[in-house]
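Here is what each chain is made of, one letter per residue.
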Amino acid sequence: MKGIIFTEFIEMVESRFSVEVAEQVIEAANLPSGGSYTSLGTYSHHEILKLVIKLSSISGANPADMQVVFGEYLFTRFHEVHPEFFDGMEGSFEFLGKVQGYIHMEVQKLYPEANPPKLVCKRIDDNHMELFYQSHRPFAPLALGLIKGCAIHFGENLTIHYEPLPGTGDGTEARFHLTLEG
Ligand code: HEM
């Protein structure tokens, strides 16, 4: 998985907890890479899962909830690092509908070796949408956090019903039922 996900995770730990906690988490995770990441590098996604588990044991939150928190944070960072993807976007349904066919495709050009997940959106009506997530990696809770971050970004009151699916393993497949309230 691309280094930007790792560098952002470590920056979140440094800013929400402390530099010392970030060092402690990296050390405890005993990573093959040693924990020094660059945003364009590529690393095993197992490393981020280990980092999440170590941070969970320090913070007391469970690993899936930690992924959700990270997803919300990551969305704010995507906005800062890639404002070009937000041009002309008026709401989360429009934005989420562009991730699969546009944003993640551009991401594959910007980040060599990127292999983003499948995210298929089905617009039911003006206020309802279904989003199907599928990956070879178990990051459905991260997708939930990114969707939450997206709704916060657009100032919307979005109810998200998260339906985990068996897929090929825990967290590799999920359906999200989204309802825009008000
Ligand atoms: C500006 C918006 C976005 C950018 C720039 C972006 C970029 C990226 C990048 C660089 C990766 C790493 C891919 C790899 O290493 O192979 C990634 C992975 C991922 N993206 Fe996005 N993304 C965006 C929006 C979203 C949104 C809105 C969602 C959720 C609905 C999403 C869901 C995911 C998930 C869950 C992963 C983790 C890898 C996996 O599940 O296999 N992304 N994205």
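Position numbers for residues count from 1 along each chain, tracking the sequence in the order it is written. In view of the model being predicted, local features appear only for residues whose pLDDT reaches at least 70, and side-chain atom pairs are presented and counted only at 80 or more, with totals across whole chains, interfaces and linings using the full set of residues. Just so you know, side-chain values use all the structure's heavy atoms and leave hydrogens and water out.

J.: Go over the nonpolar core with me, naming the residues and quoting the values.
T.: Residues belong to a common nonpolar core when they are buried Ala, Val, Leu, Ile, Met, Phe, Trp, Tyr or Cys residues joined through side-chain atoms within 4.5 Å. A 1.4 Å probe rolled over the protein chains alone gives each residue an accessible area, and that area as a share of the maximum for its type sets the label: buried under 20%, exposed over 50%, partly exposed in between. Counting 56 residues, the largest nonpolar core has Phe-9, Leu-51, Leu-55, Phe-70, Phe-95, Phe-176 and Leu-178 as the members making the most contacts within it. Looking at this core, the elements that each hand over two or more residues are α1 (3–16), α2 (19–29), α3 (45–59), α4 (63–81), α5 (92–110), β2 (128–134), α6 (140–153) and β4 (173–180). Just so you know, the domain bounds were taken from an automatic or database domain assignment. Residue-level mapping places this core at the junction of two domains, with at least three residues from each of domain 1 (3–60) and domain 2 (86–180). Sequence-distant contacts of Leu-55, that is, excluding residues within four places in its chain, are made with Phe-9, Met-12, Val-13, Phe-17, Val-21, Val-25 and Met-66. In this text, helices come from DSSP runs of H or I with a minimum length of four residues, and strands from runs of E with a minimum of two, each type numbered from the N-terminal end. Contacts: residue pairs with any heavy atoms within 4.5 Å of one another.

J.: Go over the packing of α4 against α6 with me, naming the residues and quoting the values.
T.: Packed helices, taken two at a time, are described by the angle between their axes plus the distance between the axes. It is at 7 Å that the axes of α4 and α6 come closest, and there the two elements cross at 45 degrees. Relative to α6, the element α4 lies oblique. Considering how the two elements wind past one another, α4 and α6 form a crossing that is right-handed. Of the residues in α6, those in contact with Ala-64, Gln-67, Val-68, Phe-70, Gly-71, Glu-72, Leu-74, Phe-75, Phe-78 and His-79 of α4 are Ala-140, Pro-141, Leu-142, Leu-144, Gly-145, Leu-146, Lys-148, Gly-149, Cys-150, Ile-152 and His-153. A breakdown of the residues in the contact of α4 with α6 according to their chemical character gives 13 nonpolar, 6 polar and 2 charged. Each axis is a line fitted through C-alpha atoms, and for a helix only the stretch in contact is used; angles between axes span 0 to 180 degrees, taken between their N-to-C directions. Here is the rule for angles: anything less than 35 degrees is roughly parallel, anything more than 145 is roughly antiparallel, 65 through 115 is roughly perpendicular, and the remaining ranges are oblique. Crossings are classed by handedness, with left-handed meaning an anticlockwise turn of the near helix from the far one by less than a right angle and right-handed meaning a clockwise turn. Residues are sorted three ways: Asp, Glu, Lys and Arg are charged, Ala, Val, Leu, Ile, Met, Phe, Trp, Tyr, Cys and Pro are nonpolar, and all the rest, Gly among them, are polar.

J.: Give a description of the coordination of the iron atom of the ligand that names residues and reports values.
T.: Within the protein, just one atom coordinates the iron atom of the ligand: His-104 (NE2), at a distance of 2.1 Å. Inspection of the secondary structure assignment puts His-104 in helix α5. Counted as coordinating are nitrogen, oxygen and sulfur atoms within 2.8 Å of the metal, or 3.2 Å for Na, K and Ca, while water is not included, which may make sites look incomplete.

J.: I'd like a rundown of the sheet that holds β2, residues and numbers included.
T.: Two strands qualify as a pair provided DSSP detects at least 2 bridges between them. Overall, antiparallel pairing links the 4 strands, which are arranged β1-β2-β4-β3 in an open sheet. In the strand order of this sheet, the two ends are held by β1 (118–125) and β3 (158–165), each with one partner. The sheet shows a mean angle of 15 degrees between the axes of neighbouring strands, taken without regard to direction. With 7 bridges connecting them, β1 and β2 associate as antiparallel partners. Bridging from a neighbouring strand, Asp-125 pairs with His-128 of β2.

J.: An account of the environment of Val-120 is needed here, citing residue identities and associated values.
T.: Tracing the chain through its elements places Val-120 in strand β1. Residues Val-120 and Leu-131, 11 residues apart in the sequence, show an inter-C-alpha distance of 5.6 Å. Excluding residues within four positions of it along the chain, Val-120 makes contact with Glu-130, Leu-131 and Phe-132.

J.: Before we move on, could you go through the pattern of salt bridges and cite the residues and values that matter?
T.: We define a salt bridge as a contact between a side-chain nitrogen of Lys or Arg and a carboxyl oxygen of Asp or Glu at a distance within 4 Å. The tally for this structure, following the rule as stated, stands at 5 salt bridges. The partner of Arg-77 in a salt bridge is Glu-80, and the shortest N-O contact between them spans 2.5 Å. Within this pair, Arg-77 and its partner Glu-80 are both found in helix α4, separated by 3 residues, close to a single helical turn. The buried category is assigned to Arg-77, whose relative accessible area is 18%. For Glu-94, the salt bridge is made with Lys-98, and the minimal N-O distance between the two is 3.6 Å. Of the two residues, Glu-94 and Lys-98 are both situated in helix α5; the distance of 4 residues between them amounts to about one turn of the helix. The exposure class assigned to Lys-98 is partly exposed, which follows from its relative accessible area of 33%. Counted as one network, the salt bridges with shared partners bring together Glu-8, Arg-77 and Glu-80.

Purely geometric stuff here, so don't read any function into it on its own.
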